[in-house]
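An overview of the molecular structure
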Amino acid sequence: MSGTLSLAFDAALIPDSVHSSVPAGLELRPLASGDYARGHLDVLRALTSVPDVGEAAWEGRFAEMRDAQPRAYYPLVLVEQGRIVATGTLFLERKFIRALGAAGHIEDIAVDKSQQGKGLGRVIIAALTAVSEAVGAYKTILDCSEENQPFYVKCGYKLAGVEMAKYA
Ligand code: ACO
């Protein structure tokens, strides 16, 4: 079904083991051109304030992510009846340490309010973690609120360090 779409990354990076955990009626796939109209920004509003930048600007950012070289962005979505119900992104950070190793950063996880508590967040994290390992990251990390910590523990993550931030 996603074969005709322009995808942000190679769908084959998402392993069958993760696809088999997707609830019936939902499709797990990379973010695709046209997902603006399928409610990508609406879903992200479960996470934070997301102004409507319009379709052309959304497509511009999508193309930047899809075409970045070396490849660094792996945004993916869960789709139900043509509407996006959950999303998350893996960012691959290339390093000098660890013999030119790479670290995967999980970012911007959001499940539509009406769909929370049905295991979709867990599927998104499993998929992003699998993609991170498939592209060779030696670790996968993320920042979250204390409130969400139990969710990530259930996804197999453990506390390691303290997040620091300075907003512009
Ligand atoms: N506290 C305790 N347990 C939780 C929480 C929580 N806040 N959220 C989920 N869980 C548990 C569930 O009960 C479930 O446990 P079980 O397997 O024993 O039944 C398990 O974690 C998996 O839960 P899911 O149903 O997969 O969670 P959901 O689909 O609701 O997704 C998420 C969780 C992503 C936090 C969602 O509620 C959401 O979108 N919240 C608003 C946006 C947000 O906070 N995003 C995360 C920001 S951090 C980041 O982006 C790196």
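To start, this report covers the structure provided alongside it. (Residues numbered from 1 in each chain as written. Predicted model: local features only at pLDDT ≥ 70, side-chain atom pairs only at ≥ 80, totals over all residues. Heavy atoms only, no water.)

1. Considerations on the site of the ligand
Condition: Only a single heavy atom is needed: when it lies within 4 Å of a molecule or strand, its residue is near that molecule or strand. Definition of a polar contact: a pair of N or O atoms within 3.5 Å, with one able to donate and the other able to accept a hydrogen when the atoms are protein atoms, and with sequence-neighbouring residues admitted only if both atoms are side-chain atoms. Computed with the Shrake-Rupley method and a 1.4 Å probe, the accessible areas treat only the protein chains shown as cover for residues. To qualify as a helix, a DSSP run of H or I must reach at least 4 residues; to qualify as a strand, a run of E must reach at least 2; elements of each kind are numbered from the N terminus. Each residue receives one of three labels: charged for Asp, Glu, Lys and Arg, nonpolar for Ala, Val, Leu, Ile, Met, Phe, Trp, Tyr, Cys and Pro, and polar for the others, Gly being one of them.
In the vicinity of the ligand there are 22 residues, among which Ile109, Gly119, Gly121, Arg122 and Asn148 approach most closely. With respect to the ligand, the backbone of Gly119 contributes an N or O atom lying 2.7 Å from an oxygen atom. The side chain of Asn148 places a nitrogen or oxygen atom 2.8 Å from an oxygen atom of the ligand. Protein chains bury 72% of the 970 Å² of accessible surface belonging to the ligand in isolation. Take the shell around the ligand: its biggest share by element is 5 residues, from strand β4 (residues 102-111). Within the shell around the ligand, the residues separate by chemical class into 11 nonpolar, 5 polar and 6 charged.

2. A look at the pattern of salt bridges
Using the following cut-off: Salt bridges are counted wherever a side-chain nitrogen of Lys or Arg sits within 4 Å of a carboxyl oxygen of Asp or Glu. Each residue is assigned to one of three classes by its accessible area relative to the maximum for its type, calculated with a 1.4 Å probe on protein chains only: buried under 20%, partly exposed between the two thresholds, exposed over 50%.
This model, assessed by the stated rule, comprises 8 salt bridges. Close ionic contact of Lys95 with Glu93 constitutes a salt bridge, the shortest N to O distance being 3.4 Å. Here Lys95 falls in the partly exposed class, since its relative accessible area comes to 21%. Taking the relative accessible area as the measure of exposure, Glu93 reaches 25% and is therefore partly exposed. Three or more residues are tied together by salt bridges with common partners; here these are Glu27, Arg29, Asp35 and Arg38.

3. Some points on the pairing of strand β2 (residues 73-80)
Note on strand geometry: in a regular strand, side chains alternate between the two faces of the sheet. Which entries qualify depends on this criterion: Strands pair, by our definition, only if DSSP identifies at least two bridges between them.
Within β2, 6 of the 8 residues are buried, which leaves the element mostly enclosed by the surrounding structure. When strand β1 (residues 26-30) meets β2, the two strands line up antiparallel, connected through 5 bridges. Note on β2: the bridge partner recorded for Pro30 is Leu76. Where β2 and strand β3 (residues 83-94) come together, 8 bridges link them in antiparallel fashion. Residue pairing across strands places Leu78 opposite Ala86, the latter belonging to β3. From the end of β2 to the start of β3, which pair antiparallel, there are 2 residues, and Gln81 there has a positive phi angle of about 50°.

4. Structural notes on the pairing of β3
Relative to β4, β3 runs antiparallel, the two sharing 8 bridges. From the neighbouring strand, Leu90 faces β4, where its bridge partner is Ile106.

5. A short note on the sheet that holds β3
Operational definition: Helix axes are fitted only over the stretch in contact, all axes being lines through C-alpha atoms; the angle between N-to-C directions runs from 0 to 180 degrees. We call two residues in contact when some of their heavy atoms are within 4.5 Å.
Taken together, 5 strands build an open sheet; the order of strands is β1-β2-β3-β4-β5 and the sheet is mixed. The strands lining the two open edges of the sheet, one partner per strand, are β1 and β5 (139-141). Pairwise comparison of adjacent strand axes, ignoring direction, gives a mean angle of 20° for this sheet. In this fold helix α5 (residues 120-134) packs onto β1, β2, β3, β4 and β5, with an angle of close to 30° to the strand it touches most, β3.

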